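Per-entry structural report
Letter by letter, the chains look like this.
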Amino acid sequence: KQWYQRRVAITAGENTRYILQNINLVKCMEQDRQLYDELFDLLLEEIENISNKDLKMLTKLTRDTTKEFQLTTAKNKVQTGAGLATASGTQVVSVCNIPNLYSKPIFQTYIPNLFNSLEQFKDLDEEQFYAALFASTDVKNLYMMFEALGYKGYLGRVTEEQLQQIVKIKQERGWCAVVPEFIDSLRLYRSLSEFINSKGRVKRVHELVSRTDGKMIVYSEVTNHLHFVTNEMMYRFFINHPKTTRCPEPTKCGFLIKVTPFSKANPEQFNIQLVTDPALYPADIHLHRDVISADNIHLALEGEYKTWWNMHISWRSEPVYENEEVRWGGWPCTADWNVRLVAYYDITK
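Residues numbered from 1 in each chain as written. Predicted model: local features only at pLDDT ≥ 70, side-chain atom pairs only at ≥ 80, totals over all residues. Heavy atoms only, no water.

**A look at the environment of Val339**
As for its position among the elements, Val339 is in strand E15 (residues 338–346). Given a relative accessible area of 0%, Val339 falls into the buried group. Spatially, the C-alpha atom of Val339 lies 5.4 Å from that of Glu302, the residues being 37 residues apart in sequence. Not counting residues within four places of it along the chain, the set of residues in contact with Val339 comprises Val222, Thr223, Asn224, His225, Phe228, Leu301, Glu302, Gly303, Trp308 and Met311. (Helix = DSSP H or I, 4+ residues; strand = E, 2+ residues; numbered from the N terminus. Buried < 20%, exposed > 50% of the residue type's maximum accessible area, 1.4 Å probe, protein only. Contact = heavy atoms within 4.5 Å.)

Pasting the structure below:
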């Protein structure tokens, strides 16, 4: 609260996003509801020219925090003892008993690589595009970097010098290397010889491509593109993380990804999130909340065309309803195109 009352000028930058995504807003709401409301009032006052992405993030944070606050208070009802009095007289035990208000949230679900757009680079030539991409804070990991280059068609002619620049950026930002299968999934939109040579050139740079930094986890069931976008689903991903090799649980370690569906009536509700509430996990899988983090997940949607191809959803913003059909990143979402969800997990953290 003292930090907040200093009213430090806030800008819509990486630091602000980090603070908002790592502050425990549920505890903030329980400890001082007025403080919670004033925090977001201040943000809206101070942030100028807020982007659609930041506005959506703020909307999701407030919505998700309210939901989790209601869930937490419902689970902590007691018949006797000190707590927060409700209208019915029931006492509710407060969860605000941890002094550090800036600890990692109990329910952190935001997947960093999703819902970005390459529109910000649309008027740039190739050299300008590389410079802007290398400097962009929207690029959260190496997977996103390569997806952007593949989406623009530049990965097919990437040079050794450019690859070394990417190595330097990777080291500076503490990113993990991508797995080889990820490079194979990228469509380069070049000739067959360039296709083979460029992927081989990238995969030979071991600082960028490795089997030791991450895991590729494919959801076992295939669906169609329209169904994926317009139906609520929970996707299971099983993972043997190095930090959970001695897990005593009889069920498999892993995590759930929830798709909140797109609809014509409420297009803004579409979301893809990590599920962190243990109560939502089925009997055959359990989550290590102290190990598995949304920050270490890169989600990819792959479409089937002879083989499986990365659809670059990191850079396709959100689905829209246009000309009587659902479209995502310019592509119509149809029932005759098979897709599958793939998670790449950074096991170095």
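**Comments concerning unusual backbone geometry**
Located in the positive-phi region is Phe115, a residue other than glycine, with phi close to 65 degrees. Here Phe115 is to be found in the loop between strand E3 (91–92) and helix H6 (126–135).

**A short note on the sheet that holds strand E13 (residues 325–328)**
With respect to topology, three strands assemble into an open sheet ordered E12-E13-E14, the strand pairing being antiparallel. Among the strands making up the open sheet, the edge pair consists of strand E12 (320–322) and strand E14 (331–332). Where E13 meets E14, two bridges bridge the pair, whose relative direction is antiparallel. The residue of E14 that forms the bridge with Trp328 is Trp331. (Pairing = 2+ DSSP bridges.)

**Let's talk about helix H7 (residues 142–152)**
Counting buried residues along H7, nine of its eleven residues qualify, which places the element largely inside the surrounding structure. When we look at burial in H7, the residues that qualify are Leu142, Tyr143, Met144, Met145, Phe146, Glu147, Ala148, Leu149 and Gly150. Capping the start of H7 is the job of one residue whose side-chain oxygen sits 3.1 Å from the backbone nitrogen of Tyr143: Asn141. Gly153 sits one or two positions beyond H7 and adopts a positive phi of about 85 degrees. (Polar contact = N/O pair within 3.5 Å; in protein donor to acceptor, adjacent residues only side chain to side chain.)

**Describing the pairing of strand E7 (residues 252–260)**
Burial analysis of E7 places seven of its nine residues in the buried class, the great majority of the element. Judged from the two bridges that link them, E7 and strand E9 (residues 285–286) form a sheet pairing that is parallel. Bridging across to E9, Lys252 finds its partner in Ile285. Examined bridge by bridge, E7 and strand E8 (residues 271–275) share five bridges and lie antiparallel to one another. Of the residues in E8, the one forming a bridge with Thr260 is Asn271.

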